[in-house]
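# Per-entry structural report
Here is how the chains run, residue by residue.
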Amino acid sequence: MPLPRWLARINKRVVNPREIRRGVRPVLTHLGRSSGRIYQTPLDAHPLPDGYLFLPLYGPRTDWVRNVLAAGTARLTVGGEQVQLDSPRMVRKQEVWPLLPAGTRAPPGISNDSELLRMDLRRG
């Protein structure tokens, strides 16, 4: 079950800007689907052999997920390095979780049927 929307609004306005300034967490840079504005969202980015997996804690209808799906691309900054990501798609946790390192724990609210965002590293 996704986390409540009121918590998402607090995170978006208070927690996320703080996390971006700290520079400790991975940050996904994406284009707004209707505004055309550039957004930065701090997230947990789980590396996969060919890309990254993101856990939308507020559900698959979250703005950043919808923006990335609409744009078809995003840029991820991890440890000062930037990677370009393409081919965003929603996948079920049970389909992709075995690709993560053993012992990776899902946060509360993420079940085997939860939809997660998977993206591929840009080739070439």
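Located above this text is the structure these notes cover.
Since this is a predicted model, take the numbers as computed values, not measurements.

Take the packing of aromatic side chains next. In this structure the tally under the stated criterion is two aromatic pairs. Geometrically, the ring pair formed by Phe-54 and Trp-64 is edge-to-face, given 6.3 Å between the ring centres and 75 degrees between the ring planes. Taken together, the residues span a long stretch of sequence, with Phe-54 in strand S4 (residues 51-54) and Trp-64 in helix H2 (residues 63-71) at a distance of ten residues. A residue is classified by how much of its surface remains accessible, and Phe-54, at 0% relative accessible area, is buried. Under the relative-accessibility criterion, Trp-64 is labelled buried at 9%. A connected cluster of aromatic rings, assembled from ring pairs, spans Tyr-52, Phe-54 and Trp-64.

Across a sheet, strands are paired by hydrogen bonds formed along the backbone, either parallel or antiparallel in direction. Spatial strand order, S2-S1-S5-S6-S7-S4-S3: seven strands in an open sheet with antiparallel pairing. The outermost strands of the open sheet, each flanked by one partner alone, are strand S2 (38-42) and strand S3 (45-48). Shown here is a sheet whose adjacent strand axes are inclined to one another by a mean of 35 degrees, direction ignored. Note that strand S5 (residues 73-78) and strand S6 (residues 81-92) share six bridges and pair antiparallel. Each residue of the ladder has a partner; that of Leu-76, found in S6, is Val-83. Along the sheet, H2 makes contact with strand S1 (27-31), S2, S4, S5, S6 and strand S7 (115-121), crossing S1 at roughly 60 degrees.

The rules behind these values
Starting afresh in each chain, residues are numbered from 1 along the sequence in its written order. pLDDT decides what is reported in this predicted model: residues at 70 or higher carry local features, side-chain atom pairs at 80 or more are listed and counted, and totals for whole chains, interfaces and linings draw on all residues regardless. Each side-chain value is derived from all of the structure's non-hydrogen atoms; neither hydrogens nor water enter the calculation. Two rings belonging to Phe, Tyr or Trp (six-membered ring only in the last case) form a pair when the distance between their centres is within 6.5 Å. Interplanar angles under 30 degrees mark stacking, angles over 60 mark edge-to-face geometry, and anything in between is tilted. Secondary structure elements follow DSSP: runs of H or I of four or more residues count as helices, runs of E of two or more count as strands, with numbering from the N terminus. Relative accessibility under 20% of the residue-type maximum defines a buried residue, over 50% an exposed one, and the middle range a partly exposed one, all with a 1.4 Å probe and only protein chains included. When DSSP locates at least two bridges between a pair of strands, those strands are taken to pair. Here an angle of 0 to 180 degrees is reported between the N-to-C directions of two axes, which are lines fitted to C-alpha atoms, with helices fitted over the stretch in contact. Two residues qualify as a contact provided that any one of their heavy atoms is within 4.5 Å of a heavy atom in the partner residue.

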